[in-house]
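What follows is each chain in one-letter form.
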Amino acid sequence: MLGSVHSWELVTAVDGPGTRLTIFLAGCALRCLYCHNPDTWNIRRGKDTSLSDVLALISRYEKIMKVTGGGVTLSGGEPLLQPAFVRRIFRQCAERGIHTALDTSGFLGLRASNSLLADTSLVLLDVKSGLPDVYRQTTKRELQPTLDFGRRLAKQDKPMWVRFVLVPGLTDGHDNVEAVAEYAASLQSLGSGGSVQRVEVLPFHQMGRDKWHELGESYPLEDAQPPTPELVDRVRDQFRFRGLVVP
Ligand code: SF4
């Protein structure tokens, strides 16, 4: 079986617990204005990679992942554009006792079968905005599928880290953040409760700007600034106020 893989990296303290092998799958259905990986958008720009090559890569780092309490994270792009590939990789990881994390916007959550989710240890659910119109402005897509997917996960008691990228002038509106916080808090009462283990507020940065230019795309956040520490604190407090854990 082949999948389209953009790249991979070994990381620590991001994309899930411990040291992680994060594999970026090519292709994405969203067009986030702040995307720092626009080179992953087109599935055809990825490299056709066999399942056995991915498993060999995982084997190479299996020991360090296990020693550090880490694992494999599938990111992108949007991994759920290639659900069969994800399912096969996670199945193999589960058999080997390797922790798995799925980094997704949830927009294609319907493509994640229950068997795929059964082999997923953690979902990094990127909730890119809380108000439908701001979500549309931010991603060019609809919010509802993400909300539905998160609820389905919570009902299954699937551990989740909710992630929210804070962009001044785009996603930082008080009401927009309130809507994300209210939603994340509402997930805590589904299933046995407490699926959302943490909320990560990710400050916008300009590290993707050159990639937009290289692709010949006009970059809509050319002049956007990273959030001030005060703004980050305000937003983190909005989540904490709802009883959510914000590291
Ligand atoms: S979901 Fe991720 S990869 Fe896709 S456009 Fe948004 S930030 Fe970029």
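One structure accompanies this document, and this report is about it. (Residues numbered from 1 in each chain as written. Predicted model: local features only at pLDDT ≥ 70, side-chain atom pairs only at ≥ 80, totals over all residues. Heavy atoms only, no water.)

It is worth spelling out the overall build of the protein chain at this point. If you tally the helices and strands in the protein chain, you get eight helices and eight strands. What you see for the protein chain is a C-alpha radius of gyration of 17 Å, in line with the 18 Å of a compact globule of 247 residues. For the protein chain, the residues scored as buried account for 53% of the 247 residues in total. Looking at the protein chain alone, contacts between residues at least 24 apart form 72% of all its contacts between residues at least 6 apart. Carbon and sulfur atoms make up 51% of the accessible area of the protein chain, which totals about 10900 Å². For the protein chain, the distance from the average position of its 29 positive side-chain charges to the average position of its 28 negative side-chain charges is 7 Å. (Helix = DSSP H or I, 4+ residues; strand = E, 2+ residues; numbered from the N terminus. Rg over C-alpha atoms; globule rule 2.2 N^0.38 Å. Buried < 20%, exposed > 50% of the residue type's maximum accessible area, 1.4 Å probe, protein only. Contact = heavy atoms within 4.5 Å. Areas by Shrake-Rupley, 256 points an atom, 1.4 Å probe, with all protein chains shown as cover. Lys, Arg positive; Asp, Glu negative; His and termini not counted. Charge placed at Lys NZ, Arg CZ, Asp CG, Glu CD.)

Before going further, it helps to examine unusual backbone geometry. In this chain, Gly76 is followed by Gly77 through a cis amide linkage whose omega measures 15 degrees. Topologically, Gly77 is positioned in the loop between β4 (71-75) and α2 (83-95). At Ala13, a position not held by glycine, the phi torsion is positive, near 70 degrees. Considering the arrangement of structural elements, one finds Ala13 in the loop between β1 (2-12) and β2 (19-25). Although it is not a glycine, Asp157 sits at a positive phi angle of roughly 60 degrees. With respect to the helices and strands, the residue Asp157 is situated in the loop between α5 (144-155) and β7 (160-166).

Backbone-to-backbone hydrogen bonds join strands into a sheet, with any given pair of strands oriented parallel or antiparallel. Spatially, the eight strands line up as an open sheet ordered β3-β1-β2-β4-β5-β6-β7-β8, and their pairing is mixed. Every other strand in the sheet has two partners, leaving β3 (47-50) and β8 (196-203) as the edge strands with one partner each. In this sheet, neighbouring strand axes are inclined to one another by 30 degrees on average, regardless of whether the strands run parallel or antiparallel. Against the sheet, helix α1 (residues 51-67) engages β1, β2, β3 and β4, with an angle of about 160 degrees to β2. (Pairing = 2+ DSSP bridges. Axes fitted to C-alpha atoms, helices over the stretch in contact; angles between N-to-C directions.)

Here the focus is the nonpolar core. By size, the foremost hydrophobic cluster in this structure holds 70 residues, and its most contacted members are Ile58, Ile89 and Phe239. Sort the elements by how many residues they give to this core and α1 lands first, with seven residues. (Core = buried A, V, L, I, M, F, W, Y, C linked by side-chain atoms within 4.5 Å.)

What follows covers the pairing of β1. One ladder, built from four bridges, connects β1 with β3; its direction is antiparallel. Looking across to β3, one finds that Ser4 is bridged to Asp48. One ladder, built from seven bridges, connects β1 with β2; its direction is antiparallel. If you follow Glu9 over to β2, its bridge partner there is Thr22. Hairpin geometry of β1 and β2 is characterised by an intervening segment of six residues between the two adjacent antiparallel strands and by a positive phi of about 70 degrees at Ala13.

With respect to the element layout, Arg141 can be found in the loop between α4 (132-139) and α5. A residue is classified by how much of its surface remains accessible, and Arg141, at 35% relative accessible area, is partly exposed. Arg141 sits 111 residues away from Leu30 along the chain, and the two C-alpha atoms are 6.3 Å apart. With residues up to four places along the chain from it excluded, the contact list for Arg141 reads Ala29, Leu30, Phe107, Tyr135 and Arg136. A distance of 2.8 Å separates the side chain of Arg141 from the backbone oxygen of Ala29, its partner in a polar contact. (Polar contact = N/O pair within 3.5 Å; in protein donor to acceptor, adjacent residues only side chain to side chain.)

Purely spatial values, then, with no claim about function.
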